[in-house]
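Architecture at a glance
Letter by letter, the chains look like this.
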Amino acid sequence: NMTEVYNILPGKVDNIRDMFAEGIFYGRLRSNTFYWDWDVESWNPDTKKGNLDNKNWGVGGSLIYKSAVLNGFSGTVGYYGSLNPEVFRMDKDEVGGAKAGKDTFSRSKVKNGGGYDGHYGMGVLGQAYLEYNNGTVDIKAGRQMFESVFTASNDTKMIPNTFDGVSVTAKVAAKTKARLA
């Protein structure tokens, strides 16, 4: 369902030194290519409206660190990055027509005239939160992903959607959880 899944999580420890020493790093390398070929192009370069054949390639990944759990407390930090190699991307004057793969590069950098010649990517601190989990209530505070019927991290993209805030998940009955953010 396009969400990150951790198959192995750090264990519980009994001191703060081990909380960090027993943490786990997770790394992913990713490559997403997008190519769209319209039957009829209708791109107007002056208004930057219409349909334009477009292509984009995102190469990047993530490096995430999860600490071990000390008395229910833990922390997570995650960096996400994406580069858009010149060999398979839109020309600078056509970037406004990018539809497929427009999330593999920084549209803001291109619009503001920076970064296109060479480094055309983006990097973000996608996750940085503290967590308390006592088995019944799980509280996260900081930059995090939150999956619900209204929001999604959309992990098909190079850099996920996240928010800064507090989320609470509580077990309210067997196989039933309440979530609030």
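Notes on the structure in this doc start here. (Residues numbered from 1 in each chain as written. Predicted model: local features only at pLDDT ≥ 70, side-chain atom pairs only at ≥ 80, totals over all residues. Heavy atoms only, no water.)

Comments concerning the environment of Trp36
By secondary structure assignment, the location of Trp36 is in strand E2 (residues 24-36). Separated by 19 residues in sequence, Trp36 and Lys55 place their C-alpha atoms 6.3 Å apart. Setting aside its immediate chain neighbours within four residues, Trp36 contacts Asp53, Asn54 and Ala100. (Helix = DSSP H or I, 4+ residues; strand = E, 2+ residues; numbered from the N terminus. Contact = heavy atoms within 4.5 Å.)

Looking at unusual backbone geometry
One non-glycine residue, Lys48, adopts positive backbone phi at about 55 degrees. Of note, Lys48 is situated in the loop between E2 and strand E3 (54-66). The backbone of Asn71 sits at a positive phi, close to 50 degrees, despite the residue not being glycine. If you trace the backbone, Asn71 turns up in the loop between strand E4 (69-70) and strand E5 (73-83).

Some remarks on the nonpolar core
Listed in full, the seven residues of the largest apolar core are Trp43, Leu52, Met90, Val95, Ala98, Phe105 and Val110. In this structure, Tyr26, Ile64, Met158 and Ile159 belong to the second largest nonpolar core, which totals six residues. (Core = buried A, V, L, I, M, F, W, Y, C linked by side-chain atoms within 4.5 Å. Buried < 20%, exposed > 50% of the residue type's maximum accessible area, 1.4 Å probe, protein only.)

What about the packing of aromatic side chains?
Inspection of every chain in the model, using the stated rule, returns five aromatic pairs. Considering the side-chain rings of Phe73 and Tyr132, the 4.8 Å spacing of their centres and the 45 degrees angle between planes classify their relative orientation as tilted. Of this pair, Phe73 sits in strand E5 while Tyr132 sits in strand E6 (residues 122-133), and the two are 59 residues apart along the sequence. A residue is classified by how much of its surface remains accessible, and Tyr132, at 28% relative accessible area, is partly exposed. Relative to Phe163, the ring of Phe146 has its centre 6.2 Å away and its plane inclined at 85 degrees; by these criteria the two rings are edge-to-face. Of this pair, Phe146 sits in the loop between strand E7 (137-144) and strand E8 (163-173) while Phe163 sits in strand E8, and the two are 17 residues apart along the sequence. Under the relative-accessibility criterion, Phe146 is labelled buried at 12%. (Phe/Tyr/Trp six-rings, centres within 6.5 Å; stacked < 30°, edge-to-face > 60°.)

Observations regarding the layout of surface pockets
By volume, the largest pocket is sized at about 1000 Å³. Around the largest pocket, the lining comprises 33 residues; the ones closest to its centre are Lys66, Tyr129, Glu131, Asp138 and Lys140. Its residues assigned to classes, the lining of the largest pocket shows nine nonpolar, 14 polar and ten charged. Approximately 160 Å³ is the volume attributed to the second largest pocket. Residue lining of the second largest pocket: Lys102, Asp103, Phe105, Ser106, Arg107, Ser108, Met122, Asn154, Lys157, Ile159 and Asn161, and that is the complete set. Across the lining of the second largest pocket, the residue classes break down as three nonpolar, four polar and four charged. (1 Å grid on protein atoms, 1.4 Å probe; cavity = no way out; pocket = protein on both sides within 12 Å on 5 of 7 lines; lining within 4 Å. Points joined across faces, edges and corners; volume = space filled by probe spheres on them. Nonpolar A, V, L, I, M, F, W, Y, C, P; charged D, E, K, R; others polar.)

Observations concerning the side chain of Ser167
With respect to the helices and strands, Ser167 occurs in strand E8. Of the polar contacts made by the side chain of Ser167, one reaches the side chain of Gln144; its length is 2.6 Å. Aside from chain neighbours lying at most four places away, what touches Ser167 is Asp138, Ile139, Lys140, Gln144, Phe146, Leu180 and Ala181. (Polar contact = N/O pair within 3.5 Å; in protein donor to acceptor, adjacent residues only side chain to side chain.)

Observations regarding the pattern of salt bridges
This structure, assessed with the given rule, holds three salt bridges. A salt bridge links Arg143 to Asp164; the shortest N-O distance between them is 2.8 Å. Here the residue Arg143 occupies a position in strand E7, and Asp164 occupies one in strand E8, the gap between them amounting to 21 residues. With a relative accessible area of 53%, Asp164 lands in the exposed category. (Salt bridge = Lys/Arg side-chain N within 4 Å of Asp/Glu carboxyl O.)

Points about the environment of Lys175
Of note, Lys175 is situated in the loop between E8 and strand E9 (176-180). Residue classification places Lys175 among the exposed residues on the basis of a relative accessible area of 91%. For the pair Lys175 and Leu125, spaced 50 residues apart in sequence, the C-alpha to C-alpha distance is 33 Å.

This is a description of form; function is not addressed.
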